[in-house]
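Residues per chain are reported as follows:
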Amino acid sequence: MNELTQALTELEEETVLNIVQARMAAGDDPKEIFATCQAGMKQVGQLYEQGEYFLPELMMAGEIFKQVTKLLESRITIESVPVRGKIVFGTVENDIHDIGKDLVVGMLRSAGFEVIDLGIDVPAQKFVEAVQESGARIVGLSGLLTLAFDSMKETVEALETAGLRPGVKVMIGGGSINEKVLAFAGADAYGPDPQAAVNFANQWIAEMEMQNG
Amino acid sequence: MDEMTPYERLQAAIHLQPVDRVPVAPKIDGSFAARSQGVKLAEIVRNPQFGQKVLEQAFEAMGGCDVAFQAGMNDLGLFMLGIVTRLPGYHLGEDDLWQLEEQEIMTVEDYDFIIQNGWNAYIESAYPRLVAKGMPVPVEQFPARLQQMGDQGTADMKAWETIGVPTLFGFGPFIPLENFRFTRSFKAFVTDLFRHSEKVLAASESCLEEQIPWGIEMFTSVQKQMKWGYVSLQIGQTTGSMLSPKQFDKFYWPFEKKLINSLVEAGVTPWLHCDSNWDRYIERFLELPKGEVVLDLDGLTDIARAKSILKGHMCISGDVPAALLKLGTPEEVTDYSKKLIDTIGDGGGFILSSGCSVPVDAKPENVKALIDTGKNYNPHHRVFSIGALN
């Protein structure tokens, strides 16, 4: 494994940043450095799926990755790196919990998705507007409280009313979300952890690409 | 078997002895109590004495059960744990649900402060920061209000005792990482585990050193005032379930074990309320004292698997999910509760409860269905009676 990929996989913050800075100073291609780090993030995701890494390791990896991105941004616009797809994400109205949302947003970004993070306590109409403006075809709704179930349902209905629902996949997540809530809200999937969100997003993007030929 | 009192039933279940029926203890706190009784949430936050009355009213309206919980919220919110809280009537509308807000109140330097001075001094040092973030109690009134809150807690426990129901106390010593995580904010806390691991460990040691004797003294003094001489303490645990085995063994389990062992030795019954999924660490609870601790599961941990591992060692409580109490029908709640009694209740050591607190917007008829089922569906009564005849 590449030294930089390995350092990121093992969450060696200082080592990662030192290598990135040294490579930048040596004139290495920033896109290549970025891709090498993305490979590390992929490894971290795999270790998480294997049960060796847990949320803190995911978050720490995300934190290191964020710093790498910041360093590289002086040389390249990260937007020039191919984007896997756009996702509109937020904690639904009447719920101000942001930990779960931030975790998932961080994971999706490090997996190569462009995430439009609408924040917390987000009214249904804001999701609709964000989908219209961005053209995103995936929406993520987060919420911890049972009150969030109603807001999730209202958000899905608002997407329907706006005529956007057929072209958009909706995932929901949060502490007490289960099959029953999924059916109630009328969303397409729910997941127990951030990796599930990444998996859904990857799967849906692949399906959409297939449909588009 | 003769009919037991709620206290006897609870004691028997915790100590893994035969019961006349499973104890029923849905975690009804102030939010559901108020909403179901047509009281605005801000009213109980402003007036904890009224909050207790509303709780008693809801308890009766739902049919009464075997354990009562505390109202759970007043104008101190969770500020007293260094956590920014948004309260109805103060920061939110009169009938909005209180919520925690992730804010970085504790700094990295505060680990050193806690190592030197302990947790209580840290909270005191954080008052001005908390007031700046919206705590509605002025700094100079805070110590007196804390004292009032403690007195109110004791008065509530006595009130429940008069009604004939044991109470679960919700404020006391804690697993250090759980409180660091909230007052530090989750993201900062997580990076601390990697960047400042030695500080986190030393501050955890310092917290327990202070909190164990402080908590035991507090509970012993309350116990002396109670007819039953019994106090149980709800201890929240979420963070451990999120840690990898390596970090769990380093930062969490040694402290939890030390805390629980000390409390049990002092005669306090810990109820470990496990938020989220604890499947991977269930075996570890075999290391805690047998028949003295309740493991309260919220619907995300596999309760059947937990039972198969902890049977004969630990009383399990749970786990009618919040989503079912809000979205389900009374029939569905009844079926779920019956299944729990049949499977998890088999052989005793089980308390029928809601997963988390009964949600504010649960259907009252669903809460009644849970309680009714616990009281009236009783396959084990027969088994134990036959055993008694033999």
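All figures in this text were calculated on a predicted structure; none of them were measured in a lab.

Enquirer: Just checking my understanding: could you explain unusual backbone geometry for this structure?
Expert: Residues and elements named next belong to chain B. With omega at -25°, the peptide bond leading from G318 into D319 counts as cis. Mapped onto the fold, D319 is located in strand 8 (residues 315–320). Its identity is not glycine, yet S185 carries a phi of approximately 80°, on the positive side. In this structure, S185 sits in the loop between helix 8 (176–184) and helix 9 (186–195). Among the residues examined, S185 registers a relative accessible area of 10% and is labelled buried. The residue S276 is not glycine, and still its phi comes out positive at about 70°. Mapped onto the fold, S276 is located in the loop between strand 6 (269–274) and strand 7 (294–297). For S276, a relative accessible area of 18% gives the class buried.

Enquirer: Even after reading the chapter, I still don't get the nonpolar core, so can you show me in this structure?
Expert: Proteins that are soluble and globular tend to have nonpolar side chains buried together. If you look at the biggest cluster of nonpolar residues, it comprises 160 residues, and the most contacted ones within it are V20(A), L108(A), F180(B), L272(B), F285(B), L295(B) and L352(B). Among residues more than four places away in sequence, those in contact with L352(B) are V22(B), P23(B), V24(B), A25(B), P26(B), G318(B), V320(B), S337(B), L340(B), I341(B), L370(B) and G374(B). Among the nonpolar cores identified, the runner-up in size contains 28 residues, and V92(A), F127(A), A187(A) and A323(B) belong to it.

Enquirer: Would you mind going over the interface of chain A and chain B with me for this structure?
Expert: Many descriptions give the size of an interface as the accessible area lost when the pieces come together. Residue-level contacts link 30 residues of chain A with 33 residues of chain B. Summing both partners gives a buried area of about 2500 Å² for chain A against chain B, and 69% of it is carried by carbon and sulfur. Where chain A meets chain B, there are five salt bridges. Taking the shortest distance from any N to any O, the salt bridge between E13(A) and R195(B) comes out at 2.4 Å. Put simply, chain A and chain B have eight residue pairs in polar contact (both at pLDDT 80 or more) between them. Secondary-structure elements contributing two or more residues to the side of chain A that touches chain B are helix 4 (55–73), helix 5 (99–110), helix 7 (147–161) and helix 8 (179–185) of chain A. With seven residues, helix 4 of chain A is the single largest residue contributor to the side of chain A that touches chain B.

Enquirer: Mind showing me how you'd approach the packing of aromatic side chains here?
Expert: Under the defined criterion, the tally for this structure stands at 18 aromatic pairs over all chains. Ring plane angle 20° and centroid distance 5.7 Å describe the contact between F200(A) and W204(A), whose orientation is recorded as stacked. One end of the pair, F200(A), and the other, W204(A), are both in helix 9 (residues 194–211), four residues apart, so they sit about a helical turn from each other. Since its relative accessible area comes to 4%, W204(A) is described here as buried. Between Y127(B) and F142(B) the ring centres are 4.0 Å apart and the planes differ by 40°, which places this aromatic pair in the tilted class. With a gap of 15 residues between them, Y127(B) in helix 6 (residues 119–132) and F142(B) in helix 7 (residues 142–163) connect regions that are remote in the sequence. Across the pair, F142(B) and Y127(B) agree in class, each one buried. Geometry around F184(A) places K153(A) over its ring, the cationic atom sitting 5.1 Å from the centre. The ring of F182(B) carries R181(B) above its face, with NZ or CZ at 4.3 Å from the centroid.

Enquirer: Sorry if this is basic, but what is going on with the environment of Q52(B) here?
Expert: Residues and elements named next belong to chain B. For Q52, the position within the fold is in helix 4 (residues 48–61). Residue class for Q52 comes out buried when judged on its relative accessible area of 4%. C-alpha separation for the pair Q52 and Q152, spaced 100 residues apart in sequence, amounts to 9.2 Å. When neighbours within four sequence positions are excluded, Q52 is seen to be in contact with Q152, D156, A159 and W160.

Enquirer: Explain the sheet that holds strand 9 (residues 350–354) of chain B here, please?
Expert: Through backbone hydrogen bonds, the strands of a sheet pair up, either in parallel or in antiparallel fashion. Residues and elements named next belong to chain B. In space, the seven strands of this open sheet follow the order 1-4-5-6-7-8-9, with parallel pairing throughout. Edge strands, defined here as strands with exactly one partner in the open sheet, are strand 1 (68–69) and strand 9. Alignment of strand 6 against strand 7, held across four bridges, turns out to be parallel. Counted as the bridge partner of W271 is V294 from strand 7. The strands that helix 12 (residues 303–310) touches are strand 7, strand 8 and strand 9; relative to strand 8, the one it contacts most, it runs at about 175°.

Enquirer: Got a minute to help me understand the sheet that holds strand 5 (residues 189–190) of chain A in this structure?
Expert: Residue and element names in this part refer to chain A. The strand order across the open sheet built from five strands is 2-1-3-4-5, with neighbouring strands paired in parallel fashion. A strand with exactly one partner marks an edge of an open sheet, and here the two such strands are strand 2 (114–117) and strand 5. Bridge analysis of strand 4 (residues 169–173) against strand 5 gives two bridges, and the strand direction is parallel. When the sheet's bridge partners are listed, I172 is paired in strand 5 with Y190. Strands in contact with helix 6 (residues 124–134) are strand 1 (86–91), strand 2 and strand 3 (138–142); relative to strand 1, the strand with the most contacts, it is inclined by about 165°.

Enquirer: Sorry if this is basic, but what is going on with the confidence of the model for chain B here?
Expert: Reading fine detail from the predicted coordinates is not recommended where pLDDT is low. Residues and elements named next belong to chain B. Of all residues in chain B, 97% attain a pLDDT of 70 or more, and the chain-wide mean is 92. Confidence drops under pLDDT 50 across residues 382–390; counting only partners more than four residues distant or on other chains, this segment forms three contacts. Here the predicted complex scores 0.91 on pTM and 0.84 on ipTM.

Enquirer: Please clarify how the pattern of salt bridges should be interpreted in this entry.
Expert: Here the idea is simple: oppositely charged side chains can pair when their charged atoms come close. Under the defined criterion, the tally for this structure stands at 30 salt bridges over all chains. Of the charged contacts in the structure, one is a salt bridge between E63(A) and R195(B), with a shortest N-O distance of 3.7 Å. Here the residue E63(A) occupies a position in helix 4, and R195(B) occupies one in helix 9, the pair thus bridging two chains.

Enquirer: Looking at this model, I keep getting lost on the pairing of strand 9 of chain B. Mind explaining?
Expert: Residues and elements named next belong to chain B. Here strand 9 lies mainly inside the structure; five of its five residues are buried. Bridge count for strand 8 against strand 9 is five bridges, and the pairing is parallel. In the sheet register, V320 faces strand 9, and the bridge partner there is S354.

Enquirer: I tried to follow the pairing of strand 1 of chain A on my own but got confused; where do I start?
Expert: Regular strands place their side chains on alternate faces of the sheet. All names here are of chain A. Here strand 1 lies mainly inside the structure; five of its six residues are buried. Two elements, strand 1 and strand 2, share four bridges in a ladder whose sense is parallel. The partner of K86 across the bridge, within strand 2, is E114. Chirality of the crossover, the property in question, places the unit of strand 1, helix 5 and strand 2 among those that are right-handed. Pairing geometry for strand 1 and strand 3, over five bridges, is parallel. Bridge assignment links V88 to a residue of strand 3, and that residue is V139.

Enquirer: Got a minute to help me understand helix 4 of chain B in this structure?
Expert: An α-helix turns once every 3.6 residues. As a result, residues three or four positions apart point the same way. Residues and elements named next belong to chain B. Here helix 4 spans 20 Å end to end across 14 residues, near enough to the 20 Å set by a 1.5 Å rise per residue. Among all positions in helix 4, only G51, Q52, V54, L55, E56, A58 and F59 are buried. Within two residues after helix 4, G63 carries a phi angle of roughly 110°, on the positive side.

About the thresholds
Residues numbered from 1 in each chain as written. Chains lettered and ligands numbered in written order. Predicted model: local features only at pLDDT ≥ 70, side-chain atom pairs only at ≥ 80, totals over all residues. Heavy atoms only, no water. Helix = DSSP H or I, 4+ residues; strand = E, 2+ residues; numbered from the N terminus. Buried < 20%, exposed > 50% of the residue type's maximum accessible area, 1.4 Å probe, protein only. Core = buried A, V, L, I, M, F, W, Y, C linked by side-chain atoms within 4.5 Å. Contact = heavy atoms within 4.5 Å. Buried area = accessible area lost by both parts, 1.4 Å probe. Salt bridge = Lys/Arg side-chain N within 4 Å of Asp/Glu carboxyl O. Polar contact = N/O pair within 3.5 Å; in protein donor to acceptor, adjacent residues only side chain to side chain. Phe/Tyr/Trp six-rings, centres within 6.5 Å; stacked < 30°, edge-to-face > 60°. Lys NZ or Arg CZ within 6 Å of the ring centre and 35° of its normal. Pairing = 2+ DSSP bridges. Axes fitted to C-alpha atoms, helices over the stretch in contact; angles between N-to-C directions. pLDDT = per-residue confidence, 0-100. Right-handed = clockwise from strand over helix to strand, strands pointing away. Expected span 1.5 Å × (residues − 1).

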